[in-house]
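# Coordinate analysis (summary)
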Amino acid sequence: MRLLERMRKEWFMIGIVLAIAGAKLEPSIGVNGGPLKPEITVSYIAVATIFFNSGLSLKTEELTSALVHIKLHLFIQIFTLAFFPATIWLFLQLLSITPINEWLLKGLQTVGCMPPPVSSAVILTKAVGGNEAAAIFNSAFGSFLGIVVTPLLLLLFLGSSSSVPFTSIFSQLFMTVVVPLIIGQIVRRYIKDWLERKKPPFGAVSSCVLLTIIYTTFCDTFSNPNIDLDKFSLLLVLFIIFSIQLSFMLLTFLFSTRNNSGFTPADTVAIIFCSTHKSLTLGIPMLKIVFAGHEHLSLISVPLLIYHPVQILLGSVLVPTIKSWMVSRQKGVKLTRPTV
């Protein structure tokens, strides 16, 4: 299963490159009003499909066992949806005086506003042997919370209700995100046994739909002659994203391992990944809705597209180190425990 999951992620990374390359070669196919009609097929059908798929695949019963760890959940959600975006905003005030493309900087802010992913944080926590139940709960709960909180954060940091159609954004989010999620959960109740037996490829379906969204987003970019992305800005943003992830992983590690934190080593593993990872599956559709028709939407999306593979790559590289730390810490706890 791990091999299949790794292969799926590798193919998805290749798919992103091919989607962007295809948009560059023939942008007229995926632009608004083009043959694919993305204003309907992507904005409504594709987004709704992703969230229906999420509702159908989400094992709600697995989350109940982790529900009692209130302190752990508060730490992760506050760090992810409050501390993270606020810190990025302060950091971007310094970067605003640099020659980095301003829309890429705005894209960095959107990364900070995103909820945790439902997959990568859980997979990496499981690979290390951390608190998987807590990772599942916080990834799922953060995703649900992000449906409301993320658009509010995006409007707070990047727009205002006077220039952004606040009411229409939330009505579209409700119809294309909330409703499909609820329907997916309801349908799951009736076909739960079949789903457990057949194990449909939920991840592959969501990935294919997401690649379509990415393709049409970049079709809009490459069909606009006024948009120019310089390589210098792109390389700087890549370096900044690596630095942000490493810094926040170290920060969450230091916070959660203090003597009075009350977190176990397994809890710390879940905290490190859930607090610092951001959802591409939820993020791209939300950006597509909140910034619908915006001429710089694809540039705003670029940092999130970079952040996603970087968090998986960096997390995978650090798995042996974090696992070694957790095992040694757990052995130390057992050795110091008094015998009866």
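Quick look at the structure, then. (Residues numbered from 1 in each chain as written. Predicted model: local features only at pLDDT ≥ 70, side-chain atom pairs only at ≥ 80, totals over all residues. Heavy atoms only, no water.)

### Some points on the packing of helix H5 (residues 120-128) against helix H10 (residues 265-276)
Between H5 and H10, the least distance of the axes is 9 Å, while the angle of their chain directions is 155°. Classified by the interaxial angle, the pair formed by H5 and H10 is roughly antiparallel. The handedness of the crossing between H5 and H10 is right-handed. Facing Ala121, Leu124, Thr125 and Val128 of H5, the residues of H10 in contact are Val269, Ala270, Phe273 and Cys274. Residue classes in the contact of H5 with H10 are distributed as seven nonpolar, one polar and no charged. (Axes fitted to C-alpha atoms, helices over the stretch in contact; angles between N-to-C directions. Helix = DSSP H or I, 4+ residues; strand = E, 2+ residues; numbered from the N terminus. Parallel < 35°, antiparallel > 145°, perpendicular 65-115°, else oblique. Left-handed = near helix turned anticlockwise from the far one by under 90°. Contact = heavy atoms within 4.5 Å. Nonpolar A, V, L, I, M, F, W, Y, C, P; charged D, E, K, R; others polar.)

### Side note on the environment of Ala270
By the secondary structure assignment, Ala270 is in helix H10. Residue class for Ala270 comes out buried when judged on its relative accessible area of 0%. Beyond its immediate chain neighbours, meaning those up to four positions away, Ala270 contacts Ile76, Thr125, Asn131, Ala134, Ala135 and Ser275. (Buried < 20%, exposed > 50% of the residue type's maximum accessible area, 1.4 Å probe, protein only.)

### Topic: helix H11 (residues 280-290)
With ten of eleven residues buried, H11 is to be regarded as a mostly interior element. Those residues of H11 not exposed but buried are Leu280, Leu282, Gly283, Ile284, Pro285, Met286, Leu287, Lys288, Ile289 and Val290.

### Digging into the pattern of salt bridges
Under the criterion given, the structure shown has one salt bridge. Here Arg188 and Glu196 are joined by a salt bridge, their closest N and O atoms 3.2 Å apart. Assessed through its relative accessible area of 6%, Arg188 is described here as buried. (Salt bridge = Lys/Arg side-chain N within 4 Å of Asp/Glu carboxyl O.)

### Description of unusual backbone geometry
Backbone geometry at Lys37 places phi at a positive 50°, although glycine is not the residue there. Its identity as a non-glycine residue notwithstanding, Lys199 has a phi of 50°, on the positive side. Within the fold, Lys199 resides in the loop between helix H7 (166-198) and helix H8 (202-222).

### Quick look at empty space enclosed by the protein
For the coordinates displayed, the defined rule picks out one cavity of 30 Å³ or more. Counted as a void, the largest cavity has a volume near 40 Å³. Mapped by element, the contributors of at least two residues to the lining of the largest cavity are helix H3 (70-95), helix H4 (102-113) and helix H9 (231-256). Per-element tally for the lining of the largest cavity: the top contributor is H4, with three residues. Class assignment of the residues belonging to the lining of the largest cavity gives a composition of seven nonpolar, one polar and no charged. (1 Å grid on protein atoms, 1.4 Å probe; cavity = no way out; pocket = protein on both sides within 12 Å on 5 of 7 lines; lining within 4 Å. Points joined across faces, edges and corners; volume = space filled by probe spheres on them.)

On their own, these measurements won't tell you what the molecule is for.
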